[in-house]
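# Breakdown of the fold
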Amino acid sequence: MELNYQTIAVERQAGITTVAFNRPEKRNAMSPTLHREMYDALTKLAADDETEVLLLTGRGESFSAGQDLKEYFYELKDSPKEREAIRYVSHAWRHQILYHFPKPTIAVVNGWCFGGAFTAVASCDIAIAAEEAIFGLSEINFGNIPGGLVSRVVAELMLPRQALYYVLTGDQFDGRRAAEIGLVTMAVPRAELMDKALEVARKLQAKDKLALRACKEVFKQVDLRGLDFEAAYHWLSAKGDQLTYRQKGAWIEQGIGKFLNKEYRPGVEAMPSERGARE
Ligand code: ACO
């Protein structure tokens, strides 16, 4: 599989695929080329059997300084057709492909993270930040709003009082604060960041792949909190039946069966012989 790019770097090792924004000299800002390359890479990796868990990070000191203010906005201001085309790709890789990626995804936020980069973080299932990483909704500082879906994901994830505060002021906040207000799952010292991400990735690799996919679909194919309880009950029943069909009943036969045979305890670990094995 051809995965050589100019603006991103892809590494696959032992089932864990790391995709890194790779324009450190431009603080990993998302240029049109980067958007096209992310679209291409994620499309291929979604169908790649060697990719069991996907990590998204940045090379150098930055996660990403958001949209490339020069190449994405300024240089395309008089080219509406080209702008529209790249806008679609920019949206599609984050909100259609990454958000619904068929395997678990982890954002590993190593440094600067601004504006449009929030949506890349938000589209990942789990986000782990360096405590030292710096986040900012800088749009107000250049007289704009957090557009695309940035305001939407900020409203979804961040505590409401904090969300509007950071939208209005453009104040920076660090990784620890990002965890406190819900933007990321956890923050760890930068020196421990990749080890922590790999630890979580390996934990996910030990789970049943079809069950992981179903857990994601339950949360991400519909607005789960927007369903009333009756609709949610039927949605979950249907997804549970679909999983049983896809697994040929394995969660009952093996998942519960092995517990009843005293082979493992699901309260403390994933079932033994089936660890991540089934497609
Ligand atoms: N778009 C395009 N180029 C960028 C971006 C960006 N978002 N961010 C940094 N760069 C470029 C700079 O122009 C500079 O290029 P040059 O060396 O060719 O002059 C290079 O990256 C280094 O930038 P500095 O500002 O010198 O780096 P520094 O480490 O001092 O500061 C910081 C980093 C804070 C990220 C700063 O570059 C910055 O404020 N960038 C803009 C952040 C931003 O507002 N992003 C847009 C969010 S809104 C949205 O995504 C829609």
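Below you will find a few notes about this structure.

### A word on the nonpolar core
I106, F118 and F135 are the most contacted members of the largest nonpolar core, which totals 58 residues. Dropping the residues within four chain positions of it, I106 is found in contact with V53, L54, L55, L56, C124, I126, I128, A197, V200, A201 and L204.

### Observations concerning the site of the ligand
Close contacts around the ligand come from 17 residues, with K26, A65, Q67, G116 and S138 the closest. A distance of 3.4 Å separates an oxygen atom of the ligand from a polar atom in the backbone of E25. Within the contact set of the ligand, a nitrogen atom lies 2.7 Å away from a backbone nitrogen or oxygen of A65. Within the complex, 62% of the 930 Å² of free accessible area of the ligand lies under protein.

### Points about the sheet that holds strand β9 (residues 172–174)
On the basis of which strands lie adjacent, the open sheet formed by 4 strands has the order β4-β6-β8-β9 and mixed pairing. Taken across any chain shown, the strands that pair with only one partner, and hence form the sheet edges, are β4 (62–64) and β9. Strand-to-strand, the axes of this sheet are offset by a mean angle of 20°, without reference to chain direction. Strand direction decides the pairing type here: strand β6 (residues 112–114) and strand β8 (residues 134–136), joined by 2 bridges, are parallel. For F114, the partnering residue across the bridge sits in β8 and is G136.

### Quick notes on the packing of helix α1 (residues 32–46) against helix α3 (residues 80–98)
Between α1 and α3, whose axes approach to 9 Å, the crossing angle comes to 35°. When you trace α1 past α3, the crossing you get is left-handed. Here P32, H35, R36, M38, Y39, L42 and T43 of α1 come into contact with α3, specifically with I86, V89, S90, A92, W93, R94, I97 and L98. A per-class count over the contact of α1 with α3 returns 10 nonpolar, 3 polar and 2 charged.

### Observations regarding the pairing of strand β5 (residues 105–109)
Most of β5 is tucked away: 5 of the 5 residues are buried. The alternating pattern of β5 places T105, A107 and V109 and I106 and V108 on opposite faces, both of which are buried. Where β5 and strand β7 (residues 126–130) come together, 4 bridges link them in parallel fashion. Among the inter-strand pairings, A107 is bridged to a residue of β7, identified as A127.

Each value, and the rule that gives it
- Residues numbered from 1 in each chain as written.
- Predicted model: local features only at pLDDT ≥ 70, side-chain atom pairs only at ≥ 80, totals over all residues.
- Heavy atoms only, no water.
- Core = buried A, V, L, I, M, F, W, Y, C linked by side-chain atoms within 4.5 Å.
- Buried < 20%, exposed > 50% of the residue type's maximum accessible area, 1.4 Å probe, protein only.
- Contact = heavy atoms within 4.5 Å.
- Near = heavy atom within 4 Å.
- Polar contact = N/O pair within 3.5 Å; in protein donor to acceptor, adjacent residues only side chain to side chain.
- Areas by Shrake-Rupley, 256 points an atom, 1.4 Å probe, with all protein chains shown as cover.
- Pairing = 2+ DSSP bridges.
- Helix = DSSP H or I, 4+ residues; strand = E, 2+ residues; numbered from the N terminus.
- Axes fitted to C-alpha atoms, helices over the stretch in contact; angles between N-to-C directions.
- Left-handed = near helix turned anticlockwise from the far one by under 90°.
- Nonpolar A, V, L, I, M, F, W, Y, C, P; charged D, E, K, R; others polar.

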